[in-house]
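# Observations on the three-dimensional arrangement
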Amino acid sequence: MRKGTRLFAAVLCLLLAGCGARPAEEARQPAAPTAPTAAMEEAEPEETADSYTGRWRDGAGEAGQCGMTISKDGEGVYSIEIRWDREDGSAELWQFTGTYDEAWEGIDYIGTHYREDTADGERRTSTVLEEETGLLYLDGDGALLWEDTFEHMGDGLRFTRET
């Protein structure tokens, strides 16, 4: 094990020991995203990245208009874009950057929520919330779940990979 990896593992163990047992799924709260480190990149197998990257769509009711695209660069950083088209022609757009968090088994992210509206034939984009955080993770059936820390916009959404 490399020195940096051992140090990261030791710090992680100390932090987890002070926090007690891992919370239940329903009480799960994501940690604040951190900048990727060499130890984090080594901790994430390529299969994990492949599990998240691609195009996803929510398939339930009105939420069926919500799609997500996840890509990963060579440095272990994920780019996430979620777009939710509304029936009135407006849209919600979230742009996030995140890293895989092994402790939470998902992608911790931070980013911005935008709203797009059309007025007088002109499309306008406004910022709704900056520095929004949350977690994307896979459930046991391979669906992608979205825990939005501030707005809870992901509540009830269950994304499946587009083919």
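The structure this text deals with has already been given above.
Residues numbered from 1 in each chain as written. Predicted model: local features only at pLDDT ≥ 70, side-chain atom pairs only at ≥ 80, totals over all residues. Heavy atoms only, no water.

## Regarding the nonpolar core
Ranked by size, the top nonpolar core spans 24 residues in total, and within it M68, I70, I80, L136 and W146 carry the most contacts. Counting residues per element, this core draws most heavily on strand 3 (residues 77-85), at four residues. Discounting chain neighbours no more than four positions away, the residues touching W146 are I82, W94, F96, Y109, L135, L136, M153, G154, D155, L157 and F159. (Core = buried A, V, L, I, M, F, W, Y, C linked by side-chain atoms within 4.5 Å. Buried < 20%, exposed > 50% of the residue type's maximum accessible area, 1.4 Å probe, protein only. Helix = DSSP H or I, 4+ residues; strand = E, 2+ residues; numbered from the N terminus. Contact = heavy atoms within 4.5 Å.)

## Details of the pairing of strand 1 (residues 54-58)
Along any regular strand the residues' side chains alternate between the sheet's two faces. Where strand 1 and strand 2 (residues 66-72) come together, four bridges link them in antiparallel fashion. Looking at the pairing, G54 lines up with I70 of strand 2. Judged from the three bridges that link them, strand 1 and strand 8 (residues 159-161) form a sheet pairing that is antiparallel. When the bridges of strand 8 are listed, W56 appears paired with R161. (Pairing = 2+ DSSP bridges.)

## Comments concerning the pattern of salt bridges
Taken as a whole and judged by the stated rule, the model has eight salt bridges. Note that E162 is salt-bridged to R57, the shortest N-O span being 2.9 Å. Within this pair, whereas E162 is found in the segment after strand 8, its partner R57 is found in strand 1, the two being separated by 105 residues in sequence. Notably, a salt bridge pairs E116 with R123, separated by 3.4 Å at the nearest N-O pair. Several salt bridges converge on common partners, so that one network encompasses R83, D85, E116 and R123. (Salt bridge = Lys/Arg side-chain N within 4 Å of Asp/Glu carboxyl O.)

## Things to note about the packing of aromatic side chains
A full pass over the atoms with the stated rule returns four aromatic pairs. Ring geometry for Y52 versus Y78: centroids 6.3 Å apart, planes at 70°, classification edge-to-face. Of this pair, Y52 sits in helix 3 (residues 46-52) while Y78 sits in strand 3, and the two are 26 residues apart along the sequence. Residue class for Y52 comes out buried when judged on its relative accessible area of 3%. Between the aromatic rings of W94 and W146, the centroid separation amounts to 5.1 Å while the plane-to-plane angle is 80°, which identifies the pairing as edge-to-face. Of this pair, W94 sits in strand 4 (residues 91-101) while W146 sits in strand 7 (residues 144-148), placing them 52 residues apart in sequence. Owing to a relative accessible area of 0%, W94 belongs among the buried residues under this scheme. A network of ring pairs unites the aromatic residues Y52, Y78 and Y100 as a single cluster. (Phe/Tyr/Trp six-rings, centres within 6.5 Å; stacked < 30°, edge-to-face > 60°.)

These values are about where atoms sit, not about what they do.
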